[in-house]
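Analysis of the macromolecular model
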Amino acid sequence: MGTEYGTPTRLEDSTNDLVSWHESVVENHDDPFEAAKKLTTRLGAHVTDRRDSDGRRDTDGPTVEFGFWTPELADDGSPESAVELEILTPSADLDPGDTTRREVTFQRDRVPMRRSGEYHWAVVEGVRAGTRETLGSLYQLVYEDEDGEGHTIQDPVSYSVPFGAFAPAEVYDLGRLDETRADREYFEALGTDDEHVSTTEDDGVPRIDPATSMLEIHPGTATERGSLAGLADVYEGIAEKQRAGESLDPWERAFAGYDGIQVMPVEPLTENEAEHDFWSVVSDGVSVSEASGGSSDERGESDGELTVEVARPEMINWGYDIVVSAFSAPNPAILESGRPDELVDFIAACHDLPRPIKVVFDVALGHADNRGAELLSDRYILGPGMYGKHLDYTEPTARAVFLEMQRRKMDFGADGIRVDGAQDFTSYDPESGEMYHDDDFLAEMDRVTQDVAGTEYRPWMIYEDGRPWPREDWELASSYRALIEQHPHSFQWSPITFAHNTPALLTFWATKWWRVREVAEFGGNWLTGVANHDTVRRGTQIDPTVEFNQSPVNPYLGDDYPETLDEAYDNAASSMLFHCFLPGVPMDFVHANMRAPWGFIRDTDPTWNVKVVSDESKFLYWQVRDEDFEDDRFFHRVKDLGFESREELLTWMNALSSAVDATDYDLDVMADMLSAMNHPLGNDLSATDLEAYGYAWMRDVHDFATLSHWHDAQDADRSAFRLQTREFRHDRPWLLADLDAGDDYFTYRHPTDGTVLYYGFRTSPDGTEQLLFAANMEGVPVKVSPEYLAEDAAEDANAPAIPRDGWQPALVAPGVEVSVSDADSLAVELDNGDAIVWRREP
């Protein structure tokens with residue numbers, strides 16, 4: 001058996017060289033961590049080209065280096081002879097992008113491995129390497145324990161997992177991918193004087209400078225196709241129109257005007273065993289779990305054929321529920337082609353815009369889903385944690401592997417990295433018996449160097465860190481600057497951007513003033529803005545019928561709850577505050593830009609599925625209008641369960657939430673309680689019925705939130721003004737820096753007299769431009785003018801003198817009429833959510 005390149009065969013001399021290299025690395029490093037950082041660079045599957053004298057690839061095929069860190073085999077005493085590399089080669093025309101379950105026959109070959117310490121190595125010829133056009137051979141480590149039971153070990157640092165993290169990885173020709181990427185010139189320009197790819201020297205390596213403004217995107221709902229290819233098409237279309245001087249459609253404007261994009265995590269996800277099955281070995285009609293590797297008899301089918309039911313994964317998730325294994329590969333659920341090239345193509349499309357867009361990866365290495373323990377050695381895991389498994393950052397090799405995962409993922413061509421939940425990277429101190437923030441590991445993350453298109457660089461570094469969260473007083477105690485102080489080039493999410501902000505509630509902008517003022521004074525290294533995946537979801541969890549222990553809903557924002565939420569996270573005042581006046585890098589959320597629905601969505605958790613749905617019970621108040629529910633495009637799964645109206649569904653969701661609270665989430669008791677209600681699910685509910693409802697809800701919300709449904713609902717004037725607002729900031733990069741304590745000024749009018757009126761004054765560093773900003777953040781209409789603001793500021797002994805004349809409106813919110821009074825005061829009336837910026841040249 002074998003491939004078109006012959007039978008996979010271990011090359012003895014090359015394998016001996018690889019093992020010798022391993023031994024020399026260990027011998028030359030006293031520090032196990034430093035040794036592991038070297039060794040982990042050659043773990044996984046690495047394609048090594050054979051080339052002729054002219055440098056052309058040899059048609060006899062590549063050789064492939066394979067390496068696995070296998071401490072579990074050393075610990076349990078498994079002999080070297082029991083461990084083999086299993087190579088599974090499909091037909092060359094198998095489409096990895098097909099989501100249809102079908103049986104596929106693989107050629108199966110096994111190759112012996114060489115052990116060195118806790119590692120296994122082999123160099124093999126006769127293996128098909130995957131490319132854009134062709135699915136490569138799959139591989140996994142297989143071994144028998146002392147009882148003769150077969151097991152598999154998957155590659156945690158693989159480049160491609162077309163059938164998910166629980167299936168064998170694919171041998172992928174990453175070198176060819178790098179050689180053929182369309183944006184090589186972009187990377188070749190790093191560290192030069194090219195104005196489109198600005199960098200700053202960092203210890204001899206260019207580090208990519210921060211974006212001017214950034215947009216957060218969830219790839220699974222950003223387009224109808226739910227893929228990175230669909231998202232690439234959006235930006236290719238925008239680029240084509242911009243080059244032709246054509247106007248963008250209103251929905252396209254929601255994606256435009258930024259020079260940074262933060263994509264929510266693109267790593268392979270955990271899988272729900274009750275709902276997902278993308279790789280099932282078939283033997284005599286019996287399904288064998290991919291996680292166990294099957295029985296010893298089935299493993300005895302060596303050097304033959306293996307028939308497997310496969311499908312490209314389809315899962316619903318924000319992206320944070322990862323198993324960590326295969327972190328270095330793209331999530332196949334958002335690759336419609338099933339090819340890693342799709343991630344590179346999306347990045348290249350962003351780099352190809354007339355004003356290139358930096359792509360920031362959202363890296364969630366602070367935890368692993370519980371099922372990660374099925375794929376990772378125990379040495380990777382410290383124990384249970386808040387989000388599943390707490391990773392062990394003190395184990396030297398595991399620590400090095402985590403960094404190698406980061407390096408490989410970022411080498412797909414990302415410009416920046418956002419470290420999700422940096423406060424969760426904690427380790428155990430055996431002397432004190434307490435956990436501590438492992439800032440040394442976060443510093444290691446900051447020093448990782450990328451190598452793309454022959455260029456070395458370091459990415460823009462962003463941390464989301466709310467320490468001492470989850471301590472009870474974290475909202476008061478967190479400085480949001482702990483890591484900026486350690487790494488002055490880095491950025492953090494600001495307190496206004498962090499998860500627990502609710503601008504739909506009355507007095508939000510008054511009570512949060514102390515945090516907004518911090519943005520003005522030292523927010524130059526913060527990500528700012530109120531709309532992101534966490535904050536919008538937090539807004540949908542507010543119970544608008546309860547005022548105990550919370551502020552009431554802001555009545556000035558809208559006539560109903562959906563309009564109120566839309567306006568809370570997308571209004572001219574907050575947009576202009578962050579884009580036109582305050583320092584830092586303003587970040588928006590594309591769903592908020594389009595005023596489209598957004599909520600928590602995942603079908604990957606069989607344990608907490610119903611609990612999570614109950615937490616979303618208020619979504620129907622905030623995101624769903626009666627006409628939305630009646631629309632044939634939406635909620636067809638819950639309609640199929642018998643729900644005929646939004647009101648009926650809302651009653652059920654509130655009851656479900658109450659049942660969770662009353663039973664401490666006992667599904668059987670909940671089913672009995674809810675069976676006494678009058679509802680479409682019947683009077684004989686079971687826990688299985690509740691779980692089925694939970695999946696139906698999640699999938700309906702996912703479809704409801706898909707942005708293609710909301711293209712035609714976009715307001716042309718509003719979308720044009722938001723784009724104009726973003727361009728205002730791009731024209732003034734100096735706004736990134738903190739306000740100058742002597743020359744600049746920012747305050748709110750007090751007493752408020754029913755309106756939270758923010759206003760401020762800034763002068764450009766070269767002294768050629770001055771800006772005067774005013775915004776009605778919430779409250780009754782208020783009349784303002786440069787003269788009025790100058791007079792109000794004059795009452796503050798610490799305020800600079802604000803000029804009273806020479807001002808001209810530079811940016812005015814839609815609907816605000818600028819009138820010139822007899823005193824030439826340029827007075828305007830600002831309603832709730834309105835703002836204005838005046839400009840003058842001194």
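Above this text you will find the structure in question.
Residues numbered from 1 in each chain as written. Predicted model: local features only at pLDDT ≥ 70, side-chain atom pairs only at ≥ 80, totals over all residues. Heavy atoms only, no water.

We now examine empty space enclosed by the protein. Under the criterion given, the structure shown has six cavities of 30 Å³ or more. Taken as a whole, the second largest cavity holds about 140 Å³ of empty space. Lining the second largest cavity are 15 residues, with Tyr569, Asp570, Ser574, Ser575 and Asp588 positioned closest to its centre. Sorting the residues of the lining of the second largest cavity by element identifies helix 19 (572–580), strand 29 (585–589) and helix 28 (716–730) as the ones contributing at least two each. Among the elements that take part in the lining of the second largest cavity, helix 19 stands out by supplying four residues, more than any other. Here the residues of the lining of the second largest cavity sort into five nonpolar, six polar and four charged. (1 Å grid on protein atoms, 1.4 Å probe; cavity = no way out; pocket = protein on both sides within 12 Å on 5 of 7 lines; lining within 4 Å. Points joined across faces, edges and corners; volume = space filled by probe spheres on them. Helix = DSSP H or I, 4+ residues; strand = E, 2+ residues; numbered from the N terminus. Nonpolar A, V, L, I, M, F, W, Y, C, P; charged D, E, K, R; others polar.)

Contact pair helix 11 (residues 396–410) / helix 12 (residues 439–447): the axes reach a minimum separation of 10 Å and the direction vectors enclose 35°. Helix 12 is crossed by helix 11, and the crossing has right-handed handedness. In this structure, helix 11 uses Arg399, Phe402, Leu403 and Gln406 to contact helix 12, whose residues at the interface are Asp440, Phe441, Glu444 and Met445. Partitioned by chemical class, the residues of the contact of helix 11 with helix 12 number four nonpolar, one polar and three charged. (Axes fitted to C-alpha atoms, helices over the stretch in contact; angles between N-to-C directions. Left-handed = near helix turned anticlockwise from the far one by under 90°. Contact = heavy atoms within 4.5 Å.)

Attention shifts here to the nonpolar core. Of all hydrophobic cores here, the largest spans 203 residues; its most connected members are Tyr235, Phe255 and Trp697. Among residues more than four places away in sequence, those in contact with Phe255 are Leu215, Ile217, Ala222, Leu231, Val234, Tyr235, Ile238, Val590, Met594 and Leu707. Core analysis: the second largest hydrophobic core is formed by 27 residues, Met113, Val127, Ala129 and Ile153 among them. (Core = buried A, V, L, I, M, F, W, Y, C linked by side-chain atoms within 4.5 Å. Buried < 20%, exposed > 50% of the residue type's maximum accessible area, 1.4 Å probe, protein only.)

With that settled, the discussion passes to the sheet that holds strand 18 (residues 358–363). The strand order around the closed barrel built from eight strands is 13-14-18-21-26-27-28-29, with neighbouring strands paired in parallel fashion. Taking each pair of neighbouring strands and ignoring which way they run, the sheet shows an average axis angle of 30°. Pairing of strand 13 (residues 214–217) with strand 14 (residues 260–263) involves three bridges; the strand directions are parallel. Bridge pairing in strand 14 links Glu216 to Gln262. (Pairing = 2+ DSSP bridges.)

Here helix 1 (residues 12–27) contains 16 residues, and its C-alpha end-to-end distance of 22 Å stays within 8% of the 22 Å for a straight helix at 1.5 Å per residue. Taken residue by residue, helix 1 has Thr15, Leu18, Val19, His22 and Val25 as its buried positions. Along the axis of helix 1, the buried residues cluster in a sector spanning 120°; they form a single face. Across from the buried face of helix 1, at angles greater than 90 degrees, the exposed residues are Asp13, Asp17 and Glu27. Buried residues along helix 1 sit against strand 1 (9–10), helix 2 (32–39), strand 3 (63–69), strand 6 (114–116) and strand 7 (119–125). (Expected span 1.5 Å × (residues − 1). Arc of directions from axis to C-beta.)

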